[in-house]
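If you want the building blocks of each chain, they are given just below.
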Amino acid sequence: MSVVVGGGSGFIGSHLCKLLRTKGLKVTVISRKDEEDTMTWNDLNKNGLPVGTTAVVNMAGQTLLSMTSRWNEKYKRDVWSSRIDTTKDLVRAITRADVPPKVFVSFSAVGYYQTSLTAEYTEDSHGGDFDFLSRLCQAWEEAAILPKDKNVRLVTLRVGLALGRYGGLIQRMYLPYFLGLGGRLGSGEQWFPWIHADDVAGIVLHAIQNDNITGVLNTVAPEAATNAQFSRTLARAMWRPDFFPLPAFVINTVFGSERGKLFLEGQRVIPKRVLESGYKFKYPDLKSACENCSHLIVND
């Protein structure tokens, strides 16, 4: 089986490509750099998918969490186009392929659902059109829709906040927690829809390998947690205190109020269809995930 991965050089992508290769799959990463086992986006648009491609995964997108980039209209356009345009490029390549792949796994995010302290969201819940992030997710998912006559299975992953020692939130939080300066964000009451990066990769592989899986999958862990619970669990895993909450106004000042929602508001998202599909989580609970992320050096 040959898999093409858009955005495979990033945090989650590196977890995915490592897993796919350990399972004996051939992996081609679409990247801005022309390196071994890669192709550029220009190559894709010019030459199409490599012959023999059986699965395509797209997780490309500029990070939302950059602390060095101001949240302004230009940055929002970059965030939008890096997701929507790459998805459309892959849809065109799949559509034009003489022998199309069997499955297209396209990323979205839990930002599709409206933030709430009380609501619970399954894959059947409505969302999509109430702020920039939800509209981005909705457009992202719509861009991935393929012509029905191509008979390509589409799986859409609404991914939560991915945890892992060397990327995402943990990479940014590790030093202050290591120094004993960690704490909840804002009130801490907001839901924190988390998942370990290894399980994101695992769900992608599960979706590729199982022909009966199609449609939306809420790609979050089965154990729901608030931000305060996450902060406390991570601090305990690192044998550190949890005494220093970060006020909401600081987060909004650094990231902007629109992007600050990622930290200060959340959703309780249920991976109903993931569990029904038979996927077994490597890190089903917050304690095991935080213990994996707590070490200075992680071997796996």
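The text that follows walks through the structure, step by step, so that each part is easy to find. Because the structure is predicted, anything quoted here is derived from the model rather than measured. Residue numbers run consecutively from 1 along every chain, following the written order of its sequence. Per-residue local features of the predicted model are confined to residues with pLDDT of at least 70, and side-chain atom pairs are confined, for both listing and counting, to 80 or more; whole-chain, interface and lining totals are unaffected and use all residues. Water and hydrogen atoms play no part in the side-chain values, which are based on all heavy atoms of the structure.

As for the pairing of strand 10 (residues 215-219)
Selection rule: Residue burial is assigned from relative accessible area. The probe radius is 1.4 Å, only protein chains are included, and a residue is buried under 20% of its type maximum, exposed over 50%, and partly exposed in between. Helix and strand labels come from DSSP, where a helix needs a run of H or I of at least four residues and a strand needs a run of E of at least two; each type is numbered from the N terminus. Criterion used throughout: strands pair if DSSP finds at least two bridges between them.
Among the five residues of strand 10, four are classified as buried, and the element is accordingly described as predominantly covered. Taken together, the five bridges between strand 7 (residues 153-159) and strand 10 define a ladder with parallel strand orientation. Of the residues in strand 10, the one forming a bridge with T156 is V216.

Some thoughts on a nonpolar patch on the surface
To keep it simple, the criterion reads: In this scheme, patches are assembled from residues that exceed 30% relative accessible area and form no salt bridge. Like charges are connected within 9 Å, while nonpolar side chains (Val, Leu, Ile, Met, Phe, Trp, Tyr) are connected within 5 Å. For every accessible area listed, the method is Shrake-Rupley and the probe measures 1.4 Å; residues are considered covered only by the protein chains on display. Criterion for a salt bridge: a side-chain nitrogen of Lys or Arg within 4 Å of a carboxyl oxygen of Asp or Glu.
Together, L175, F178, L179, L181, F243, F244 and L296 make up a nonpolar patch on the protein surface, roughly 750 Å² of accessible area in all. Mapped onto the elements, L179 comes out in the loop between helix 5 (168-178) and strand 9 (194-196). By relative accessible area, L179 is classed as exposed at 54%.

Focus: the packing of aromatic side chains
Here a ring pair, both rings aromatic, is described through the centre-centre distance and the interplanar angle of the planes. Note the following rule: Any pair of Phe, Tyr and Trp rings, taking the six-membered ring for Trp, is counted once the centres come within 6.5 Å. Such a pair is stacked with planes under 30 degrees apart, edge-to-face with planes over 60 apart, and tilted for the rest.
Applying the stated criterion to the full structure yields nine aromatic pairs. Look at W80 and F132: their rings are 6.0 Å apart centre to centre, the planes differ by 50 degrees, and that puts the pair in the tilted class. Taken together, the residues W80 in helix 3 (residues 73-96) and F132 in helix 4 (residues 132-143) connect sequence positions 52 residues apart. Geometrically, the ring pair formed by Y279 and F281 is edge-to-face, given 5.1 Å between the ring centres and 80 degrees between the ring planes.

Focus on the nonpolar core
The criterion, for reference: Nonpolar core, defined: a set of buried Ala, Val, Leu, Ile, Met, Phe, Trp, Tyr and Cys residues in which side-chain atoms within 4.5 Å join the residues together. We call two residues in contact when some of their heavy atoms are within 4.5 Å.
Core analysis: the biggest nonpolar cluster contains 45 residues, and V5, L20, V57, V105, F107, L157 and I208 have the highest contact counts within it. For this core, the leading source of residues is helix 6 (residues 197-209), giving eight residues. With residues near it in sequence (within four places) discarded, F107 still touches I12, V57, N58, M59, W140, L157, V159, V200 and V204.

Fair warning: the whole summary comes from geometry, so function is off the table for now.
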